[in-house]
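Letter by letter, the chains look like this.
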Amino acid sequence: MDVTKENFKAVLPSILRVIGKADFVAIDAEFTGLRHNETSRYCELDTPEERYAKTRDAAQSFGMIQFGVTTFRYIREMSAYSHATFCFYLLGKTGEILYYDNSSLKFLADNGFNFNKLYKSGLSYLSLVDEANKRLDYANQSLEPQAPSPIKVTEESAKKFLEETEALMEEFMADKTRDVLVLPGTNISPFFRKILYNNIAAKFKNILVRIVPTDGERNVEIRKFDSKESRIKFLEDEREQILDEKIGFTHVVRKILEVGKPIVGHNLVLDLLHMMEKMVQPLPEKLEQFKSLVKCNIPTVYDTKLLAKDPPFCVDIPVTSLGAVYSDVCSKFNPPHLVIEEGYESYETGSNSKAHDAGFDAFMTGVCFVTMVKKLDGSNWKNKSVVKSKHLDMYANRVNNMSSHDIPFLNLVGPDVQPDRSKIFCVECPSSWTTMHVHGLFHMIKPLKIVWVSSTFLYVIPLEDMDKKACRQHLKNVNASCPPLVRVRLYGDTISSKRKSATDEEVSPIQIRASRIHEFKRLKSVGSDQLSKMTLESPSAEEPPSVISGDNGKKAASKQGKATEDVFSIPDEW
């Protein structure tokens, strides 16, 4: 079901009811862009803090224009899952200024996104913090207007208007069947409106005179009340209604958070940060603060991309993009019986014609989740809902860390994996260097992987295990043969100064570190043997939240990950 401002008020109660009955909620979102500059591109050696900073920047810069929700409820008597799907079009807060990437919007348009529906009927939202602040402002505002002061009327036209209006008001006040009098604004000049606000409001008690836009016309509405208290009560109720409309979609997110049911997504991190930023509170600057915020608001999240990348699914699912996972799961495994929740709308399995519609993507995510957990549970799956499976313990509150060399996931509620990167070489070089130069410098190490960060900085990763002594010897040999303007060190080592090329003269070390150009590749599953070589960093103190040769002409095509590409590209594993 598409939900817009036209039907939101009518269907909201039923949406909240089905969320309350659900075992878990699957979500997906569509955005106006993913990154707005090179410094926001993912690097395979981003630390968790760097990755969070880049994703946070995207969530703060771009809009979330569609949000899909599918509820799943296990019916034990039928050994089936009932489901209901909603697709919300989101226009956002009035006056909110956000970036958009035209390639992102073109991608959505090519996939059938209805921009007319978005801009004509999109829902508004307010963060929970904005709502609380607005209510605080209301508490400090008085709805009692100042006593009007009559003005002197001398012009004949004004006198005539005043006399006619007073007679009209006498008739209106005596009519017990009418509470509102509307005066067409076409023939009412600003001075005449002043007469209404001052003279008429002073003569007749317990009335409310105000401008009400109607069909493009600024009409004057006069409303009468039995008492001053009833007038204040009317204004309070009207203000609450206006605020309620501004809150809009946040009512749905609030319900999802209040019921405390698990949230399931695919490659979930960006969806999660957008939701928290726009509907809960501004994202904190530090990763640990964000983790505290998540712990206070969401009990559990699951990322189906992590499940798909691990055994046994990684054997049968070669590509972990949502559409590919959904297709493989439905064809290679046996999904449980699925029924549409009575009185609601949703989708049937076996079709992906609506891919990249947030509602259908949420549905696909939920189907993948229940089917994969059913596979893990084996014959015992009918005894309980999938969210109670012990096989989910290792995936709880862990979200896929896309395109990372050695950190497979981000832990939302605890310390992150801290891999040993002491055998990775960091290279500063002239901007004229190509991959051939790097291979020539590191000819003694084969095989290796090159990760370009900028035109003058890159990483060299040995792909075969070697001890630290061998790495130090290689570093010594490399430095002995380094040409001018090339500096090499091991990851984690410090150097006294860094040289800048002419092209990067104005780029700070932090920007160089952050401006990694990302090449999307399918990540390999990180098994227990690899994880055993990793260590966990100690969590920092939490702060409680408020709620890949050639000349310069060919260089761009020869450097892996260094080639310029559209700001928005859909990775194979998205």
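Residues numbered from 1 in each chain as written. Predicted model: local features only at pLDDT ≥ 70, side-chain atom pairs only at ≥ 80, totals over all residues. Heavy atoms only, no water.

Asks: How should the pairing of strand S3 (residues 64–75) be read in this particular structure?
Replies: Remark: a regular strand shows side chains that alternate across the two faces of the sheet. The element S3 is extensively covered by neighbouring structure, given that 11 of its 12 residues are classed as buried. Note that strand S2 (residues 24–31) and S3 share 8 bridges and pair antiparallel. Counterpart to Phe31 in the pairing with S3 is Met64. The antiparallel hairpin formed by S3 and strand S4 (residues 80–89) contains 4 residues in its connecting segment, where Ser79 sits at a positive phi of about 50 degrees. (Buried < 20%, exposed > 50% of the residue type's maximum accessible area, 1.4 Å probe, protein only. Helix = DSSP H or I, 4+ residues; strand = E, 2+ residues; numbered from the N terminus. Pairing = 2+ DSSP bridges.)

Asks: Looking at this structure, how should I read the pattern of salt bridges?
Replies: One pass over the structure, following the stated rule, counts 24 salt bridges. Two residues, Asp46 and Arg51, come together in a salt bridge whose shortest N-O distance is 3.1 Å. Overall, the relative accessible area of 3% leaves Arg51 in the buried class. Through salt bridges with shared partners, a single network forms among Glu131, Arg135, Glu240 and Arg254. (Salt bridge = Lys/Arg side-chain N within 4 Å of Asp/Glu carboxyl O.)

Asks: I keep staring at the packing of helix H10 (residues 269–279) against helix H11 (residues 287–297) and nothing clicks. Help me out?
Replies: Packed helices, taken two at a time, are described by the angle their axes make and the gap between the axes. Where H10 meets H11, the axes come as close as 12 Å, and the angle between the chain directions of the two elements is 80 degrees. Overall, the two elements H10 and H11 adopt an arrangement that is roughly perpendicular. Contact with H10, carried on its side by Leu272, Leu273 and Met276, involves Phe290, Leu293 and Asn297 of H11 and no other residues of that element. Of the residues contributing to the contact of H10 with H11, the split by class is 5 nonpolar, 1 polar and no charged. (Axes fitted to C-alpha atoms, helices over the stretch in contact; angles between N-to-C directions. Parallel < 35°, antiparallel > 145°, perpendicular 65-115°, else oblique. Contact = heavy atoms within 4.5 Å. Nonpolar A, V, L, I, M, F, W, Y, C, P; charged D, E, K, R; others polar.)

Asks: Is there a simple way to explain unusual backbone geometry in this structure?
Replies: Peptide bonds are trans in most cases, and residues, glycine excluded, mostly fall at negative phi. In this structure, the amide linkage connecting Pro311 to the following residue, Pro312, adopts the cis form with an omega of 0 degrees. Positive phi values are uncommon outside glycine, yet Ser79 reaches one of about 50 degrees. One can find Ser79 in the loop between S3 and S4.

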